[in-house]
Amino acid sequence: MKTESGKELTKQEEFVKMHRRHHHEIASWRTLIFVLFLVLWEVSARLKWIDSFFFSSPSRVVHCFAEQIKYNSMLSHIGVTLFETLFSFLLVLLFSLLVSTLLWYSSKLSEITEPYLVVLNSLPKSALAPLFIVWLGTGTKTIIVAGMSVAIFGSIISFYTGFQQVDAEKITLVYTLGGSRRDAFFKVVLPGSVPILLSTAKVNIGLALVGVIIGEFLAAKRGLGYLIIYGSQVFQLDMVITSIIILCVIALCFYKSIQVIEHQIKKKFKI
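The following refers to the structure shown. (Residues numbered from 1 in each chain as written. Predicted model: local features only at pLDDT ≥ 70, side-chain atom pairs only at ≥ 80, totals over all residues. Heavy atoms only, no water.)

1. Some points on the packing of aromatic side chains
Next up, step 1: In total, this model carries 10 aromatic pairs according to the counting rule given.
Next up, step 2: Here the aromatic rings of Trp 104 and Tyr 105 are separated by 5.4 Å at their centres, their planes lie at 90°, and the arrangement is edge-to-face.
Next up, step 3: Pairing Phe 163 with Phe 185 gives two aromatic rings, centres 5.4 Å apart and planes at 85°, and the pair type is edge-to-face. One end of the pair, Phe 163, is in helix H7 (residues 140-164); the other, Phe 185, is in helix H9 (residues 181-192), with 22 residues separating them in the sequence.
Next up, step 4: Owing to a relative accessible area of 2%, Phe 185 belongs among the buried residues under this scheme.
Next up, step 5: In textbook terms, an aromatic cluster arises when at least three aromatic residues are bridged by ring pairs, as seen for Trp 104, Tyr 105, Phe 163, Phe 185 and Phe 186.
Next up, step 6: Residue placement shows Arg 181 over the ring face of Trp 104; its charged tip is 4.0 Å from the ring centre. (Phe/Tyr/Trp six-rings, centres within 6.5 Å; stacked < 30°, edge-to-face > 60°. Helix = DSSP H or I, 4+ residues; strand = E, 2+ residues; numbered from the N terminus. Buried < 20%, exposed > 50% of the residue type's maximum accessible area, 1.4 Å probe, protein only. Lys NZ or Arg CZ within 6 Å of the ring centre and 35° of its normal.)

Here it is as structure tokens:
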């Protein structure tokens, strides 16, 4: 038994090592590709293969970022965009969960609203932004609504679809044991939909950021979206590219944060 346990432990250790080696290899390749891209970009700008005025360069981006930090403007713009995005995301999450729950409780309501949700989800959200400005004026409220509009309808559809895909036999078992529809939802449907809820949240945080930037393009005096529009208008393209790179970093941080939360939840509940 000891020998067999020792062999099993060795196999487990080998699997863990291979798993870690695989992740290290992937991370190394990602880092290498990113570094090579930066080097190629910088060399191309210095050797005049590309016009650095239009395409900037890593060194110019770093200089622009340092200048903005020096005058305390960049951190303020980043903070505004972060707040608007997180607030939009949380509202989307709560509202989608509430509406999806109502749709699950009432099959008639879901049949009535399904075509409207599909149409609204396929509608280009940038077309709604000018209407939000007319209805709500300019400011943070309009931008948050714009951020919500990009993700809300798709999120409702995804959550409701996840509820519908839960094992029907488990729900029947709850009813057989005398449970109510509420018991079926909170004890079977909601826990069984956690993977879909988390995967949808990873998408929604990016969509909320997209919506916020669209809103800032049109109705803001602060934020990274405002910096992009302002920089393009005054031909400060270093500012534009710097803002875009910061947005990429923010999107990556959001995604990784939710991925960590997802990993912890799955580990805790053994999903």
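The discussion continues.
2. Remarks on the pattern of salt bridges
Next up, step 1: Evaluated as defined, the whole model comprises three salt bridges.
Next up, step 2: Residue Glu 42 pairs with Arg 46 through a salt bridge whose shortest N-O separation is 2.6 Å. Of this pair, Glu 42 and Arg 46 both sit in helix H1 (residues 2-46), separated by four residues, roughly a single helical turn.
Next up, step 3: When its relative accessible area of 14% is taken as the criterion, Glu 42 is described as buried.
Next up, step 4: Arg 46 gets classed as exposed once you look at its relative accessible area, which sits at 61%. (Salt bridge = Lys/Arg side-chain N within 4 Å of Asp/Glu carboxyl O.)

3. Quick word on the layout of surface pockets
Next up, step 1: When its volume is computed, the largest pocket comes out at roughly 470 Å³.
Next up, step 2: Contributing to the lining of the largest pocket are His 19, His 22, His 23, Ile 26, Ala 27, Arg 30, Leu 252, Tyr 255, Lys 256, Gln 259, Val 260 and His 263.
Next up, step 3: Secondary-structure elements contributing two or more residues to the lining of the largest pocket are H1 and helix H12 (237-269).
Next up, step 4: Class assignment for the residues of the lining of the largest pocket results in five nonpolar, five polar and two charged. (1 Å grid on protein atoms, 1.4 Å probe; cavity = no way out; pocket = protein on both sides within 12 Å on 5 of 7 lines; lining within 4 Å. Points joined across faces, edges and corners; volume = space filled by probe spheres on them. Nonpolar A, V, L, I, M, F, W, Y, C, P; charged D, E, K, R; others polar.)

4. Points about the nonpolar core
Next up, step 1: Residues Leu 103, Trp 104, Ile 156, Phe 163, Ile 171 and Val 189 are the most contacted members of the largest nonpolar core, which totals 22 residues.
Next up, step 2: Those elements giving two or more residues to this core turn out to be helix H4 (74-105), H7, helix H8 (168-176) and H9.
Next up, step 3: Sorting elements by how many residues they give to this core places H7 first, with nine residues.
Next up, step 4: Setting aside chain neighbours within four positions, we find Leu 103 in contact with Leu 109, Ser 110, Thr 113, Leu 117, Ile 156 and Tyr 160.
Next up, step 5: Core analysis: the second largest hydrophobic core is formed by 20 residues, Ile 205, Leu 209, Leu 247 and Ile 258 among them. (Core = buried A, V, L, I, M, F, W, Y, C linked by side-chain atoms within 4.5 Å. Contact = heavy atoms within 4.5 Å.)

5. Details of H8
Next up, step 1: Where H8 begins, the side chain of Asp 167 points an oxygen toward the backbone nitrogen of Glu 169, at a separation of 3.1 Å.
Next up, step 2: Following H8 by one or two positions, Gly 178 adopts a phi angle in the positive range, close to 95°. (Polar contact = N/O pair within 3.5 Å; in protein donor to acceptor, adjacent residues only side chain to side chain.)

6. Comments concerning the packing of H4 against helix H5 (residues 107-122)
Next up, step 1: Taken N-terminus to C-terminus, the directions of H4 and H5 make an angle of 130°; their axes are 6 Å apart at the nearest point. With respect to H5, the element H4 is oriented oblique. Contacts between H4 and H5 pair Leu 102, Leu 103 and Tyr 105 from the former with Ser 107, Leu 109, Ser 110, Thr 113 and Leu 117 from the latter.
Next up, step 2: By residue class, the composition of the contact of H4 with H5 is five nonpolar, three polar and no charged. (Axes fitted to C-alpha atoms, helices over the stretch in contact; angles between N-to-C directions. Parallel < 35°, antiparallel > 145°, perpendicular 65-115°, else oblique.)

7. A closer look at the packing of H4 against helix H10 (residues 194-219)
Next up, step 1: Where H4 contacts H10, the axes come no closer than 8 Å and their chain directions differ by 130°. Classified by the interaxial angle, the pair formed by H4 and H10 is oblique. As for the relative orientation of H4 and H10, their crossing is right-handed in sense. Facing H4, whose interface residues are Val 80, Thr 81, Glu 84, Thr 85, Leu 86, Ser 88, Phe 89, Val 92 and Leu 97, H10 presents Leu 197, Ala 201, Asn 204, Ile 205, Ala 208, Leu 209, Val 212, Ile 213 and Glu 216.
Next up, step 2: The residue inventory of the contact of H4 with H10, partitioned by class, reads 12 nonpolar, four polar and two charged. (Left-handed = near helix turned anticlockwise from the far one by under 90°.)

8. Describing unusual backbone geometry
Next up, step 1: In this structure, Ser 56 takes a positive phi of about 55° despite not being glycine.
Next up, step 2: For Ser 56, the location among the structural elements is in the loop between helix H2 (52-55) and helix H3 (58-70).
Next up, step 3: Look at Ser 56 and you get buried, because its relative accessible area is 0%.

9. Things to note about the environment of Ile 143
Next up, step 1: Turning to its location among the elements, Ile 143 is positioned in helix H7.
Next up, step 2: Taking the C-alpha atoms as reference points, Ile 143 and Thr 172, 29 residues apart in sequence, are found 44 Å from one another.
Next up, step 3: Aside from chain neighbours lying at most four places away, what touches Ile 143 is Glu 84, Ser 88, Val 212, Gly 215, Glu 216, Ala 219 and Ala 220.

10. A short note on the state of the cysteines
Next up, step 1: This model, assessed by the stated rule, comprises zero disulfides.
Next up, step 2: You can see Cys 248 has no disulfide; the closest cysteine sulfur is in Cys 253, sitting 11 Å from it.
Next up, step 3: Given a relative accessible area of 43%, Cys 253 falls into the partly exposed group. (Disulfide = S-S within 2.5 Å.)

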